[in-house]
Amino acid sequence: MQQPTGFQGGRLLIVAFEGWNDAGEAATGAARLLAERLRLVEVAAVDPELYFDYQFTRPTIQSEPDGSRRLSWPGAAILGPSGIPAEPDEEGVTGPGADTLHVLLGAEPARTWKGFAAELVDAALSADIEGIVLLGAMLADAPHTRPLAVFASSENPEVRAALGVERSTYEGPVGILSVIADQAERVGIPTVSLWASVPHYVHNAPSPKAVLALLGKVEELTGLSIPRGSLEDEAQAWEASVDALASDDDEMAGYIQQLEQARDAADAPEASGEAIAQEFERYLRRRGDQPGGSGPWRPRDGA
């Protein structure tokens, strides 16, 4: 199947932002791994004074190898190819368009979102970007012991047809990713959004397993091959640490077991429409939305 321009072999931009869009630091984790593997360098950046409230997203200070101290300000930048060759023993990103891949990383701005998005989309146009992949991660009722799902969507009908992704039906508050996607589509750059599900009961810790899920989806849609390095070991260690936490908390363990059962039932090949409907009815009864319900849903037996 022929891919729309930019998604296999074209000049691709991967986008991720810290904050509201980045549960478990999964989106920025995936984007940073790509930037490091490709040895990307900054090619464009916004003026943080225009878009950030430093009482909301504060600058940080850090020590340099020479002993000096340096302030780091919140912002957003597009990183592009440096031309620096990889070391002979270094694993690099390969596949169509790997040598022209760009990454946009930053903190979600506090104000002037339209201007912020317009500035970055203009920079993408100047870099001849032909397609944009927006990475996000959200807290969800997902068991950490199962593969973490990634939902792919696009507002572009050609992208949906070529990549086999859906059109989102979500209605409600959005983050800066949605604003950038809207601006990009308006100027003719096709976009696709990838959202990883991060278990909400471990939301305070980075989730390498969700990073892996996003990278796998990027590979599937673009044809790129992305070395994982130590990430798979980190994901196993993360899962083991959550297992250990749950083993000391009967309520948490019971809740995880319920999530596992629901996920396995939904994924089972023999799962019928009737079985799915019955599971949904049980969910409604727990919430009290069905006749015979017991009022607002509350955790029950570890749920």
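For the structure itself, look to the data block above.
Caption draft 1: Focus on the pattern of salt bridges. Scanning all chains against the criterion turns up nine salt bridges. A salt bridge links Arg-32 to Glu-18, with the shortest nitrogen-to-oxygen separation between them at 2.8 Å. Taken together, the positions of Arg-32 in helix H1 (residues 26-38) and Glu-18 in strand S1 (residues 12-18) put the pair 14 residues apart, joining distant regions of the chain. Relative accessible area serves as the criterion here: at 34%, Glu-18 is assigned to the partly exposed category. Measuring nitrogen to oxygen at the nearest pair gives 2.7 Å for the salt bridge that ties Asp-182 to Arg-186. On the criterion of helical spacing, the pair formed by Asp-182 and Arg-186 is a turn pair, its members being four residues apart in helix H5 (residues 176-186).

Caption draft 2: Spatial organisation of a negative patch on the surface. There is a patch of like negative charges on the surface, built from Asp-248, Asp-249, Asp-250 and Glu-251. With respect to the helices, strands and loops of the structure, Glu-251 is situated in helix H8 (residues 250-267).

Caption draft 3: Expanded view of the side chain of Ser-154. One can find Ser-154 in the loop between strand S8 (150-153) and helix H4 (157-163). Side-chain polar atoms of Ser-154 contact the backbone nitrogen of Asn-156, separated by 3.0 Å. Non-local contacts of Ser-154, meaning those with residues more than four positions away in its chain, are made with Val-159, Arg-160, Val-165, Glu-166, Arg-167, Glu-185, Thr-191 and Val-192.

Cut-offs used in this document
- Residues numbered from 1 in each chain as written.
- Predicted model: local features only at pLDDT ≥ 70, side-chain atom pairs only at ≥ 80, totals over all residues.
- Heavy atoms only, no water.
- Salt bridge = Lys/Arg side-chain N within 4 Å of Asp/Glu carboxyl O.
- Helix = DSSP H or I, 4+ residues; strand = E, 2+ residues; numbered from the N terminus.
- Buried < 20%, exposed > 50% of the residue type's maximum accessible area, 1.4 Å probe, protein only.
- Patch = residues over 30% accessible without salt bridge, like charges linked within 9 Å, V, L, I, M, F, W, Y side chains within 5 Å.
- Areas by Shrake-Rupley, 256 points an atom, 1.4 Å probe, with all protein chains shown as cover.
- Lys, Arg positive; Asp, Glu negative; His and termini not counted.
- Charge placed at Lys NZ, Arg CZ, Asp CG, Glu CD.
- Polar contact = N/O pair within 3.5 Å; in protein donor to acceptor, adjacent residues only side chain to side chain.
- Contact = heavy atoms within 4.5 Å.

By themselves, these figures tell us nothing about what the structure is for.
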